[in-house]
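# Survey of secondary and tertiary structure
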There are 2 protein chains.
Amino acid sequence: MLLSNLVINKDEPIYIQIKRYISNMILKGLIPNNSKLPSTRELSQVLNVSRNSVTLAYEELKADGLIYSVSGKGTFTKSNSSLNQSNWCINWEDKQNSYSKVANDMDIIKNEIPWENNLISFKSISPNGDMFDIDELKKSFLNRLSLEGHKLLNYGYAKGYKPLIEYLLEYMSKKGVDTYNKDILITNGFTEGLDIILSSFTSSGDYIICENPTHNTSIKIMKALGLKLIGIDINENGLDFDLLEVKLEKYKDKIKFAYITPSYHNPTGTVMSPENRYKFYNLMKNNNIPIIEDGFNEELLYSSSHIFPICSLDNLSNGIIYIGSFSKILFPGMRIGWILADKNAISKLESVKRCRNIHVSFLDQGILYDYLQNGAFEKYIKKVRKFYGDKFNFAYKCVEKYIPNEYIFGDGGLHLFLKLKNIDTRELLNKCYEKGVIFMPGDIFYINNEVNNTLRLGFSRLSFEEIEKGIKIIGETIKELPIKD
Amino acid sequence: MLLSNLVINKDEPIYIQIKRYISNMILKGLIPNNSKLPSTRELSQVLNVSRNSVTLAYEELKADGLIYSVSGKGTFTKSNSSLNQSNWCINWEDKQNSYSKVANDMDIIKNEIPWENNLISFKSISPNGDMFDIDELKKSFLNRLSLEGHKLLNYGYAKGYKPLIEYLLEYMSKKGVDTYNKDILITNGFTEGLDIILSSFTSSGDYIICENPTHNTSIKIMKALGLKLIGIDINENGLDFDLLEVKLEKYKDKIKFAYITPSYHNPTGTVMSPENRYKFYNLMKNNNIPIIEDGFNEELLYSSSHIFPICSLDNLSNGIIYIGSFSKILFPGMRIGWILADKNAISKLESVKRCRNIHVSFLDQGILYDYLQNGAFEKYIKKVRKFYGDKFNFAYKCVEKYIPNEYIFGDGGLHLFLKLKNIDTRELLNKCYEKGVIFMPGDIFYINNEVNNTLRLGFSRLSFEEIEKGIKIIGETIKELPIKD
C-alpha cells in the first residue's frame, strides 16, 4: 500500500512525521496529482498508530492545500505542478480492431433480452444445476487433492492433466474411435477448442463450410477470425447434400475446413443419420477438406438410434479434428473440453494453447478426472438422460398442442427448434416478453441472420408447469400476430 | 458405444443375432472399413449377454472375412468396398498459419533442456508448492461450495465472479489506484490477459514499445500477433530513457502500446524507481501511447522501497491497462489473473473473452475469492516473503562468491539475472548440463535473441544446499570455458 513504508520514530509527534512524509512525497512529485490516499482508518492500521494522528496529519495537509477530500470518494493529493493537471483520455471504442468489433457486435449477452427473475425463459440451454451431484464433486476434490497435493496447484502441462487425457482417449475409443496416432489437448471448453483450431490452421479470408443454421458462438468465432462461411441448409430432410455438392464444385480449392455438429445439432436438435455421416465423411475426404466435428451433447443420447461420431470413420486417417465437452451437461462453470486429433496437429495446438493461457486449471482437471473415473459421471448421465428426456418429450407435446408451426426440429437434447408459418419471431419475442416469456430468436443461428421465422426453445432449467405455461403463452401470442406473406 | 442399440430377442441363438447385426452394418457401409469393434468383454457387458456369445459371433464374422483382429490393438471391420480403402493423410505441419508457427517456434518447453529428476534446475521461477497451505484451500472450497452450491458449477459471467471482482477493485484501491470509471476482467492468468488486450486493440504490423530484455512469453505473444517490437534496453542504471526518447521521435505515430514490468521485472528482477515510474508515465502520456503495465510479482515486496504501480499515477485518466496475477506466487495451476482498465476498455475485452472461452472457471474463482477474503492469502504472503527473501539473499551471496560476473541484476523476486564477462551462456549451459545443473539462458528474453552472455537463475524450488552447490558448479564451469573477446 501507498505510504506503508513510512517508519515512525519515537522522538516526534506522530502526526508531524506523517504530514512531513506525505508532503515531501507530493512536493517531490513522487505522488502525482489526484492520487487517492488511504483512508485515515486504513493508514492508521498499516502504520499501527492511532487514527487521531492520521486525521490530524490529513487536516494540516488540507490546510496547506496539498490534499483535498471528495465526499464519498476519499482523499486525494493536489500538487501545484502543472505537468499532471490535464486528463489523458483515450477512446477505447475507437482503438478496437475488427476482431474485437465482431466479438462485441455478435455478443448475444449484450444484445439479447437478459434473463430476469420473473420471466419464463426458454433462452438457455445450460444444464439444470439442481441435478449436479455436489457431494460427489466434494469427494473428488478431497480425494484428488489428498492424492496429488500441491502438484494440482502449481504449473502443469499445456496439453492437460495426463490421467484425464488417458481417460478421454479410452472414452473416445469406446465410441469406436481408434486412438492410435491420435492425441488429446484439454481446452477451456468447446469454445476455446474451436477458436484454437481455427486460430492455428486458418487465415482471414479462408472459406469454411458449415451447417446453416448452426451454433451462434461458432459463427461468431469464425466471423471474428475473418473466415468466409459457406452455409449448407438444414431442412426437414437434414443436410442439403445437393447444395453441398454445388458449393464444393464452386469453392473447392479455397475451402480450409468443414465444421459440423452431427448429434443434437444446435439449434435444430437433429441427429445426422449414420448413412449421412458416412456420405459426408467421404465427400470431404474425396475433396481433401478436413472436418472439425463438434461432439456437442453427444453424451445425451435419449433415442434408440445407433450413433457413432464421424471421427470413428477416420480411424486409419487423420482428416478429422473432434471437439468434445462434457460441460454442456456437467459443470459448465469449470470450462473443460478437449480436442482429439492427429498427434502432429495436437502438438501444434498445444503450443498455441500455451501461448494463449498456459493450460486449463489443473485443479479442475484433477477434480473432473476423479469424478469421471470413480463412476460418478456414469451415474449422473443415467439420471439426466431420463430427466431431460422426459422434459424433451413433454415440451414436444406442448408445442404440438399449443403452437401452430410449419415444422418442429429436434431429435433430443436440451432444446427444440421451431419453424413458424409466416411469423417474424423478433416481433413475437417482443410481444411474449410483455407477457413474461422469452426464447431465443432463430435468426442468430443463421450465418447472415437471413431467416426470421424460427425460434429455439431451451427447457433444461424449467419445470413441467413452466414449460406448459410458457409454450401456451407463445402459442396464444402467435395467434394475435398479423400473418405475413 | 458402437453397437449398444442392438436389441436381443429370445427366439434365436444370441451369437447369430450379433453376427447378423454386425454383418448387416458392415455390408450396408454403416460401419466403415477398419473401424474398431468393442472387445468381446465390453460388448457382452453392454448387451448383457454372455461373453461366449460375442466370441462366437466374432469367430464367425472372421471366418466370413468381415472382421479381423490385430494383436494388442483389437478387432476391426474389413468390408470389401473400395470407397474407404485409401488412407486420408493431411500434413498438419504445413496447414499451420504464421501465428501457430511463431507460437511453436518460440515454445521454450519444446526447445529448451527439460527438467529431469537428477538435475539442479535454476530454470523455473514457479513458486514452491510446499509453501501452499492446502488446508486453507480445502476450507475455502468447502465453504464457498456450501454457500453458493451449484451456481459455482454452472455458466457464469465472462467478466468474472462478482465478489472476486469487487475484492480486487478494493485490493487495487489499497495500492493507491482510484477505481472510479475502472473495471476488472478476470482472465486465465497474466498470459491470457496480455493476449486478449493485444488481440483486441492491435493489428499485425503495429509497433509496440517494450523493455529489452523482457518476459519471453510476452515476446512470444507479441510476435505471434505480428507486432513489431521496439526494445528499450535495461542496463545497470535501469531503463535507457535516452534511447526511449530517440525511438519515440522516430516511430511516434506508429506505436500502439508500451508494455512494461516495473516491479521485479522478468528477467532482470529490477524494480523501477518511483521517479522513473513518474517519468515514464508522463512520457507516454505526452505522446499519447497507452501503457500495458505488467504487475508481475508486485506482491512480493521484500525491500523497503516505497512502491506504487504506475497505474496509480493515472487516477483521473484512462491511459493504463494493468494486468495483475497472484498466480506467480500462489496456485498457478488455477490460472487466475485480472485486467484493470477503463470501464469501456473492459467492456470490449469482456466480449473478446466470451468469444475466446466464455469465462474463467467459476469454481476456481470462488475458491480463490474465499481464500483471499478470509485472510489466508495475507498469512501466506507474510510467510513466503520471508521464505523467498532469505533464498534471494543467499543466492545473491553465492553468486558473488562463486560466479565471476560483470553485473548481478535483481532487487528481489524469485530469480537473479547475471551478465557474464565474454561468456556464451549457451555453451556454458551445455557444459553445466553435463555436470547436472541447468539454468535459463538469457537470450530468450531479448527480442532478437541478440545478447548471449546473460542467464537467469530461478531459485524458488531449490534448497539452500542445492542453490550453493549449483551456483558453485556454474562458477567452476565458467572458469573452464575459453574466454572470448
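Residues numbered from 1 in each chain as written. Chains lettered and ligands numbered in written order. Predicted model: local features only at pLDDT ≥ 70, side-chain atom pairs only at ≥ 80, totals over all residues. Heavy atoms only, no water.

## Observations concerning the overall build of chain A
- Looking only at helices and strands, one finds 17 helices and 17 strands in chain A.
- Over its C-alpha atoms chain A spans a radius of gyration of 29 Å, topping by over 25% the 23 Å that the globule rule assigns to 485 residues.
- Looking at chain A residue by residue over its 485 residues, the buried ones come to 62%.
- Just so you have it, chain A exposes about 18400 Å², and 48% of that area is on carbon and sulfur atoms.
- One way to put it: in chain A the 60 positive side-chain charges average out to a point 5 Å from where the 58 negative ones average out. (Helix = DSSP H or I, 4+ residues; strand = E, 2+ residues; numbered from the N terminus. Rg over C-alpha atoms; globule rule 2.2 N^0.38 Å. Buried < 20%, exposed > 50% of the residue type's maximum accessible area, 1.4 Å probe, protein only. Areas by Shrake-Rupley, 256 points an atom, 1.4 Å probe, with all protein chains shown as cover. Lys, Arg positive; Asp, Glu negative; His and termini not counted. Charge placed at Lys NZ, Arg CZ, Asp CG, Glu CD.)

## Quick look at the domain arrangement of chain A
- When its domains are assigned, chain A resolves into domain 1 (14-77), domain 2 (105-125 + 380-480) and domain 3 (132-374).
- For domain 1 of chain A versus domain 2 of chain A, the separation of C-alpha centres amounts to 58 Å. (Domains from an automatic or database assignment.)

## A few points about the relation of the copies chain A and chain B
- With an RMSD of 0.2 Å, chain A superimposes on chain B once it is rotated by 180° and translated 0.0 Å along the axis. Both chain copies can therefore be described as sitting about a two-fold axis.
- The share of interface residues of chain A whose copies in chain B are also at the interface is 100%, consistent with both copies meeting through the same surface. (Least-squares fit on C-alpha atoms with pLDDT ≥ 70 in both. Contact = heavy atoms within 4.5 Å.)

## Considerations on the sheet that holds strand β9 (residues 255-260) of chain B
Residues and elements named next belong to chain B.
- Here we have 8 strands laid out as an open sheet, ordered β5-β12-β11-β10-β9-β6-β7-β8, and mixed in their pairing. The sheet terminates laterally at β5 (182-187) and β8 (238-239), the two strands that pair on one side only.
- Where β9 and strand β10 (residues 291-294) come together, 3 bridges link them in parallel fashion. Along β10, the bridge assignment pairs Tyr 259 with Ile 292.
- Each of β5, β6 (207-212), β9, β10, β11 (320-325) and β12 (337-342) touches helix α9 (residues 189-201); the most contacted strand, β11, lies at about 155° to it. (Pairing = 2+ DSSP bridges. Axes fitted to C-alpha atoms, helices over the stretch in contact; angles between N-to-C directions.)

## Some details on helix α12 (residues 274-286) of chain A
Residue and element names in this part refer to chain A.
- Along its 13 residues, α12 runs 18 Å from first to last C-alpha, staying within 8% of the 18 Å computed at 1.5 Å per residue.
- For α12, the buried fraction is high: 10 of the 13 residues fall into the buried class.
- Taken as a whole, α12 has its buried residues at Pro 274, Asn 276, Arg 277, Tyr 278, Phe 280, Tyr 281, Asn 282, Leu 283, Met 284 and Lys 285.
- Close packing links the buried residues of α12 with β6 (207-212), β8 (238-239), α11 (241-251), β9 (255-260), β10 (291-294) and β11 (320-325).
- Looking one or two residues past α12, Asn 288 carries a phi angle of roughly 55°, positive in sign. (Expected span 1.5 Å × (residues − 1).)

## What about the interface of chain A and chain B?
- At the junction of the two partners, chain A supplies 124 residues and chain B supplies 124 residues.
- At the boundary of chain A and chain B, one finds 8 salt bridges.
- In this structure, the connection of chain A to chain B is made through 50 residue pairs in polar contact (both at pLDDT 80 or more).
- Taken together, the residues that form the side of chain A that touches chain B break down as 53 nonpolar, 44 polar and 27 charged. (Salt bridge = Lys/Arg side-chain N within 4 Å of Asp/Glu carboxyl O. Polar contact = N/O pair within 3.5 Å; in protein donor to acceptor, adjacent residues only side chain to side chain. Nonpolar A, V, L, I, M, F, W, Y, C, P; charged D, E, K, R; others polar.)

## Quick notes on the packing of aromatic side chains
- Applying the stated criterion to the full structure yields 47 aromatic pairs over all chains.
- Plain terms: the ring middles of Phe 326 of chain A and Phe 377 of chain A are 4.6 Å apart, the flat faces sit at 50° to each other, and that makes the pair tilted. Here the residue Phe 326 of chain A occupies a position in the loop between β11 and β12 (337-342), and Phe 377 of chain A occupies one in helix α15 (residues 376-402), the gap between them amounting to 51 residues.
- A relative accessible area of 6% means that Phe 377 of chain A is categorised as buried.
- A centroid spacing of 4.9 Å and a plane angle of 55° characterise the contact between Phe 326 of chain B and Trp 338 of chain B, whose relative ring orientation is tilted. Of this pair, Phe 326 of chain B sits in the loop between β11 and β12 while Trp 338 of chain B sits in strand β12, and the two are 12 residues apart along the sequence. (Phe/Tyr/Trp six-rings, centres within 6.5 Å; stacked < 30°, edge-to-face > 60°.)

## Considering the nonpolar core
- One finds Phe 280 and Met 284 of chain A together with Phe 280 and Met 284 of chain B to be the most contacted residues of the largest nonpolar core, which totals 226 residues.
- Other than its neighbours up to four places away in sequence, Phe 280 of chain B contacts Leu 239, Phe 241, Leu 244, Ala 258, Ile 260, Met 272, Ile 291 and Ile 310 of chain B. (Core = buried A, V, L, I, M, F, W, Y, C linked by side-chain atoms within 4.5 Å.)

## Concerning the packing of α11 of chain A against α12 of chain A
All names here are of chain A.
- Put simply, α11 and α12 touch, their axes get as near as 12 Å, and they point 5° apart. If you check the angle between α11 and α12, you find them roughly parallel. Across the interface between the two elements, Phe 241, Leu 244, Glu 245 and Leu 248 of α11 pack against Asn 276, Lys 279, Phe 280, Leu 283 and Met 284 of α12.
- Residue composition of the contact of α11 with α12, by class: 6 nonpolar, 1 polar and 2 charged. (Parallel < 35°, antiparallel > 145°, perpendicular 65-115°, else oblique.)

## Focus: the pairing of β12 of chain A
Residues and elements named next belong to chain A.
- Here β12 lies mainly inside the structure; 6 of its 6 residues are buried.
- As defined by bridge partners, strand β5 (residues 182-187) adjoins β12 across 6 bridges and the pair is classed as antiparallel. The residue of β12 that forms the bridge with Ile 186 is Trp 338.
- Pairing of β11 with β12, which is carried by 4 bridges, proceeds in the antiparallel orientation. Each bridged residue has a counterpart across the sheet, and for Ser 325 the counterpart in β12 is Gly 337.

## Considering the sheet that holds strand β3 (residues 74-77) of chain A
Residues and elements named next belong to chain A.
- Overall, antiparallel pairing links the 3 strands, which are arranged β1-β3-β2 in an open sheet. The outermost strands of the open sheet, each flanked by one partner alone, are β1 (36-37) and β2 (67-70).
- The pairing of β1 with β3 spans 2 bridges and is classified as antiparallel. Looking across to β3, one finds that Leu 37 is bridged to Thr 75.

## Some words on the environment of Asn 430 of chain B
- Mapped onto the fold, Asn 430 of chain B is located in helix α16 (residues 425-434).
- Sequence-wise, Asn 430 of chain B and Ile 113 of chain B are 317 residues apart; in three dimensions their C-alpha atoms are separated by 9.3 Å.

## Structural notes on helix α9 (residues 189-201) of chain A
- A rise of 1.5 Å per residue sets the reference length of α9 of chain A, with its 13 residues, at 18 Å; its end C-alpha atoms lie 19 Å apart and thus fit the reference within 8%.
- Within α9 of chain A, 13 of the 13 residues are buried, which leaves the element mostly enclosed by the surrounding structure.

## Notes on the pairing of β9 of chain B
Residues and elements named next belong to chain B.
- With 5 of 6 residues buried, β9 lies mostly within the body of the structure.
- Direction of pairing for β6 relative to β9: parallel, over a ladder of 4 bridges. Paired with Ile 208 across the strands is Phe 257, a residue of β9.

## Concerning the side chain of Lys 220 of chain A
- With respect to the helices, strands and loops of the structure, Lys 220 of chain A is situated in helix α10 (residues 216-224).
- Ignoring sequence-local partners within four residues, the contact set of Lys 220 of chain A consists of Val 102, Ala 103, Met 106 and Asp 107 of chain A together with Arg 354 and Cys 355 of chain B.

## Describing the environment of Thr 202 of chain A
- Examined against the element boundaries, Thr 202 of chain A turns out to sit in the loop between α9 and β6.
- Note on Thr 202 of chain A: relative accessible area 7%, which makes it buried.
- As for Thr 202 of chain A and Phe 132 of chain A, which are separated by 70 residues in sequence, their C-alpha atoms are 38 Å apart.
- Aside from chain neighbours lying at most four places away, what touches Thr 202 of chain A is Leu 227, Lys 256 and Phe 257 of chain A together with Asn 97 of chain B.
- Only 2.6 Å separates the side chain of Thr 202 of chain A from the backbone oxygen of Leu 198 of chain A, close enough to count as a polar contact.

## Some points on the pattern of salt bridges
- A complete count under the given rule lists 42 salt bridges over all chains for this structure.
- Here Glu 236 of chain A ties to Lys 419 of chain A by a salt bridge, and the two come within 3.7 Å at their closest N and O atoms. Taken as a pair, Glu 236 of chain A in the loop between β7 (228-235) and β8 and Lys 419 of chain A in strand β14 (residues 415-419) lie far apart in primary sequence, 183 residues in all.
- For Lys 419 of chain A, a relative accessible area of 22% gives the class partly exposed.
- When salt bridges that share partners are traced, they join Asp 195 and Arg 356 of chain A together with Asp 195 and Arg 356 of chain B into one network.

## Quick look at unusual backbone geometry
- Omega for the peptide link from Asn 212 of chain B to Pro 213 of chain B comes to 5°, which places this bond in the cis form.
- Residue Pro 267 of chain B is reached from Asn 266 of chain B by a cis peptide bond, and omega for that bond is 10°.
- Tracing the chain through its elements places Pro 267 of chain B in the loop between β9 and α12 (274-286).
- Positive phi, normally seen in glycine, also occurs at Asn 181 of chain A, with a value near 65°.
- Along the chain, the position of Asn 181 of chain A falls in the loop between α8 (162-174) and β5.
- The phi angle at Ile 358 of chain A is positive, at roughly 70°, despite the residue not being glycine.

## Regarding the side chain of Lys 328 of chain B
- Its location among the elements puts Lys 328 of chain B in the loop between β11 and β12.
- Although Lys 328 of chain B is buried, it makes no salt bridge; Asp 294 of chain B carries the closest opposite charge, 5.5 Å away.
- What Lys 328 of chain B contacts, discounting residues up to four positions off in sequence, is Tyr 155 of chain A together with Ile 125, Pro 127, Phe 190, Phe 296, Asn 297 and Leu 414 of chain B.

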